[in-house]
Amino acid sequence: MTPPRPAAAPALVAAALLVVYVVWGSTYLAIRVTVEQAPPLLGMGFRYATAGLLLGGLLALRGGVRRLRVSRRELAGCALVGLMLPVLGNGVVALGESRGTPSGVAALLVALTPLMITIYRRLGGDHPQRWTLVGVGLGFLGVLWLVLAGNDQSTGHIPLGSSLIVLFASACWGFGSWIQPRLALPRDAFVMTVHEMWTGGLVLLVLGFAGGERMDLSSYTGRTWLAWAYLVVFGSMVAFTAYVWLLANAPISLVATYAYVNPVVAVFLGALVLSEPVTHAVLFGGAVIVAGVVIVISVERPRRVGVKEKAGIT
């Protein structure tokens, strides 16, 4: 039986949450810029494959190649998470944005992830606290207000087909986040991230080439390359590692609050970079979302995790 992990320091949890909040909130804009010229699946595939190789190389330099060794069972667990997060999560979001979903709208749709996670938790026999459900519901209402009341004023026409694609990505990301603590995975979060990213990147590359996508590197502008590099370094190596670490060291309801904050960051960056209007719907909806975050964070504080919970036994 695997001994329980020691409780993570609250300051480390807060720092990792801040990284995921801010960096991932900005990646929707970077993805939108990237897929204007680069194909979505290949673009994200090379993003994760490159990030995995770079992070793996850094770990090998510091701890030797042996640090990257994992068992077959652990590799299978990493590959499953890589399928649900980088491939069916992030890769499908990029596909939706390439087909017309605005970056801000994509962030709003992905904010439904906590609702998906709550459904998975209940199906798995877990019973979230009442105030956790209140916080999730409040955040969901804020998202609905942003989408419905702000549609004509800020986002214009929202393509239904591409929006459904992003909703599917949200459901997959939620499932991957929920199931990760229940899988046999490397105890080192950095090693875990390396194997999740390179396996996910490889699947995206295979799907991209099989789907007829091709890269024309010479035709991409510096703006595209800058956005892609930002996704590799900050979106994948920094923020994805922080997210994976959080999944292993903090309550899932607390980790899921990133999906409430990311749309606020995305809307702010849209106004700052793309001069998108900040309407009363955006302000009110954002306030409701933040209120939901405060409730969930106050209820789901980091705690010492027992052996049974880490093993997925309810």
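Worth saying up front: this structure is predicted, and the values here are computed from it rather than measured. Sequence order as written defines the numbering, with residues in each chain counted from 1. Where local features are concerned, this predicted model is filtered to residues with pLDDT of at least 70; where side-chain atom pairs are given and counted, the filter is 80 or more; whole-chain, interface and lining totals use all residues. Based on all heavy atoms of the structure, the side-chain values leave hydrogens and waters out of the count.

### Regarding the packing of helix α1 (residues 10–34) against helix α10 (residues 222–249)
How we decide: Between the N-to-C directions of two axes lies an angle of 0 to 180 degrees, each axis being a line fitted to C-alpha atoms and, for a helix, fitted only over the stretch in contact. Helix numbering and strand numbering both begin at the N terminus, where a helix is a DSSP run of H or I of at least 4 residues and a strand a DSSP run of E of at least 2. Working definition: roughly parallel below 35 degrees, roughly antiparallel above 145 degrees, roughly perpendicular at 65 to 115 degrees, and oblique for all remaining angles. Crossing handedness: left-handed means the near helix sits turned counterclockwise from the far one by under a right angle, and right-handed means the same turn made clockwise. Residues are grouped as follows: nonpolar covers Ala, Val, Leu, Ile, Met, Phe, Trp, Tyr, Cys and Pro; charged covers Asp, Glu, Lys and Arg; every other residue, Gly included, is treated as polar.
Two elements in contact, α1 and α10, have axes whose closest approach is 8 Å; the angle formed by their N-to-C orientations is 150°. Here α10 runs roughly antiparallel to α1, going by the angle between their axes. Crossing hand, α1 versus α10: left-handed. The class makeup of the residues in the contact of α1 with α10 is 23 nonpolar, six polar and one charged.

### Brief notes about helix α9 (residues 189–210)
Spelled out, the test is: The span expected for a helix works out to 1.5 Å for each residue beyond the first. Pairing of N or O atoms within 3.5 Å defines a polar contact, subject to two protein rules: one partner must be a possible hydrogen donor and the other a possible acceptor, and residues neighboring in sequence count only if both atoms are side-chain atoms.
Taking 1.5 Å of rise per residue, the 22 residues of α9 would be expected to cover 32 Å, and the 31 Å separating its terminal C-alpha atoms lies within 8% of that figure. Taking the backbone nitrogen of F190 as reference, a side-chain oxygen 2.9 Å away marks D188 as the first, capping residue of α9.

### Some details on a nonpolar patch on the surface
This is how the line gets drawn: Within this analysis, patches are made of residues with over 30% relative accessible area and no salt bridge. Like charges are joined at 9 Å or less; nonpolar side chains (Val, Leu, Ile, Met, Phe, Trp, Tyr) at 5 Å or less. To be clear on the numbers: accessible area is Shrake-Rupley with a 1.4 Å probe, and residue cover counts the displayed protein chains and nothing else. By definition, a salt bridge exists where a carboxyl oxygen of Asp or Glu is found within 4 Å of a side-chain nitrogen of Lys or Arg. Buried, partly exposed and exposed residues are distinguished by accessible area as a fraction of the type maximum, computed with a 1.4 Å probe on protein chains only: under 20%, between the cut-offs, and over 50%, respectively.
A grouping of L75, W198, L202 and V206 is seen on the molecular surface, where their side chains present a nonpolar patch of about 330 Å² in accessible area. Sorting elements by how many residues they give to the nonpolar patch places α9 first, with three residues. Among the secondary structure elements, L75 is positioned in helix α3 (residues 72–98). Under the relative-accessibility criterion, L75 is labelled partly exposed at 30%.

### Examining the pattern of salt bridges
Inspection of every chain in the model, using the stated rule, returns two salt bridges. Between E36 and R223 there is a salt bridge, with its nearest N and O atoms 3.0 Å apart. Residue E36 is located in the loop between α1 and α2 (40–63), and its partner R223 is located in helix α10; the two are separated by 187 residues in the primary sequence. The exposure class assigned to R223 is partly exposed, which follows from its relative accessible area of 46%.

### Details of the confidence of the model for the chain
Parts of the model with low pLDDT should not have their predicted coordinates read in detail. The condition is simple: For every residue, the predictor assigns a confidence score, pLDDT, that lies between 0 and 100. Should any heavy atoms of two residues lie within 4.5 Å, those residues are considered in contact.
On average, residues of the chain score 82 in pLDDT, and 86% of them are at 70 or above. Contacts of residues 302–314 to residues separated by more than four positions or lying in other chains number 23 contacts, the stretch itself having pLDDT below 50.

### Quick word on the side chain of T241
You can see T241 is positioned in helix α10. Its relative accessible area of 6% is what places T241 among the buried residues. Setting aside residues up to four positions removed in sequence, T241 forms contacts with L55, F190, T193 and S236.

### Quick word on the packing of α2 against α10
Put simply, α2 and α10 touch, their axes get as near as 9 Å, and they point 55° apart. Taken together, α2 and α10 sit at an angle that is classed as oblique. Relative to α10, the crossing made by α2 is right-handed. Contact residues: G43, M44, F46, R47, Y48, T50, A51, L54, L55 and L58 in α2; W228, L231, V232, G235, S236, M237 and T241 in α10. Here the contact of α2 with α10 is built from residues that sort into 11 nonpolar, five polar and one charged.

### Things to note about the nonpolar core
Selection rule: Nonpolar core, defined: a set of buried Ala, Val, Leu, Ile, Met, Phe, Trp, Tyr and Cys residues in which side-chain atoms within 4.5 Å join the residues together.
Grouped together as the largest cluster of nonpolar side chains are 68 residues, with contacts concentrated most on W24, Y243, L246 and Y258. No other element matches the 12 residues that α10 contributes to this core. For Y258, the contacting residues outside a window of four places in its chain are V20, Y21, W24, T113, W173, Y243 and P263. In this structure, V110, I165, A169 and A266 belong to the second largest nonpolar core, which totals 12 residues.

### Here we look at the packing of aromatic side chains
Here is the rule we go by: Only rings of Phe, Tyr and Trp enter the pairing, Trp through its six-membered ring, and a pair is recorded when the two centres are within 6.5 Å. The plane angle decides the type: under 30 degrees is stacked, over 60 is edge-to-face, the rest tilted.
By the definition in use, this model includes 14 aromatic pairs. Ring centres of Y48 and F240 lie 6.0 Å apart, and the angle between their planes is 70°; this geometry places the pair in the edge-to-face category. One end of the pair, Y48, is in helix α2; the other, F240, is in helix α10, and 192 residues separate them in sequence. Across this residue pair, the class does not change: Y48 and F240 are buried.

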